[in-house]
Amino acid sequence: MRGTIILSAVVAAAGLAAVTAAPAFADETDDVFISVIQDQGIPFSTSGDAIALAQAVCEYVGAGQAPEQVAVEISGPANWSVEQSGFFVGAATQSYCPS
């Protein structure tokens, strides 16, 4: 059940990020990403930290780690619920990870 919730959050984030994706300009991508996670109530210390974590998520996923596992692993240190973390991972992969 928990895996289904995470997967649902990742899928929802992916859909939302795809709908709200900005052109390929870094500043606009950053702005949209920050706006999306703020709208979901996901707390973060600074925009720069959130963007750096999002880029790290891409490295983990690019190295073959499942997005659901990345979400579980970052939830504790970020002090997020698994749902928040899953949404963050989905938004990060849609915003920053190459296709």
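Residues numbered from 1 in each chain as written. Predicted model: local features only at pLDDT ≥ 70, side-chain atom pairs only at ≥ 80, totals over all residues. Heavy atoms only, no water.

**Comments concerning the overall build of the protein**
From N to C terminus, the protein includes 5 helices and 0 strands. When the 99 residues of the protein are sorted by exposure, 33% land in the buried category. Considering only residue pairs separated by 6 or more positions, the protein has 59% of its internal contacts joining residues 24 or more positions apart. Only carbon and sulfur atoms are counted for the fraction: they give 56% of the accessible area of the protein, which is about 5,400 Å². (Helix = DSSP H or I, 4+ residues; strand = E, 2+ residues; numbered from the N terminus. Buried < 20%, exposed > 50% of the residue type's maximum accessible area, 1.4 Å probe, protein only. Contact = heavy atoms within 4.5 Å. Areas by Shrake-Rupley, 256 points an atom, 1.4 Å probe, with all protein chains shown as cover.)

**Section: helix H3 (residues 47-62)**
For H3, built from 16 residues, the straight-helix expectation of 22 Å at 1.5 Å per residue is met to within 8% by its first-to-last C-alpha distance of 23 Å. Among all positions of H3, only Ala50, Ile51, Ala54, Val57 and Cys58 are buried. Axial view of H3: buried residues confined to an arc of 105°, hence all on one face. Immediately downstream of H3, the backbone of Gly64 shows phi near 105°, a positive value. (Expected span 1.5 Å × (residues − 1). Arc of directions from axis to C-beta.)

**Section: the confidence of the model for the protein**
The predicted model of the protein averages 83 in pLDDT, with 74% of residues at 70 or higher. Per-element confidence in the protein is highest for helix H5 (residues 82-96), whose mean pLDDT is 97, and lowest for helix H1 (residues 2-20), whose mean pLDDT is 47. (pLDDT = per-residue confidence, 0-100.)

**A few points about helix H4 (residues 67-78)**
Between its terminal C-alpha atoms H4 stretches 16 Å, which fits the 16 Å expected from 12 residues at 1.5 Å a residue. Taken together, the buried positions of H4 are Val70, Ala71, Ile74 and Ser75. Along H4, the residues classed as buried sweep out an arc of 135° about the axis, all on the same side. Turned more than 90 degrees off the buried face of H4, the exposed positions are Gly76 and Pro77. Count one or two residues on from H4 and you reach Asn79, which has phi positive near 60°.

**Concerning the packing of aromatic side chains**
In total, this model carries 3 aromatic pairs according to the counting rule given. An angle of 75° between the planes, with centres 5.2 Å apart, marks the rings of Phe33 and Tyr96 as edge-to-face. Placement of the pair is Phe33 in helix H2 (residues 26-39) and Tyr96 in helix H5, with a sequence separation of 63 residues. Take Phe33: its relative accessible area is 1%, and that puts it in the buried class. The rings of Phe33, Trp80, Phe88 and Tyr96 are connected pair by pair, giving a single aromatic cluster. (Phe/Tyr/Trp six-rings, centres within 6.5 Å; stacked < 30°, edge-to-face > 60°.)

**Points about the environment of Val82**
You can see Val82 is positioned in helix H5. When the C-alpha atoms of Val82 and Val72 are compared, they prove to be 6.1 Å apart, with 10 residues separating the residues in sequence.

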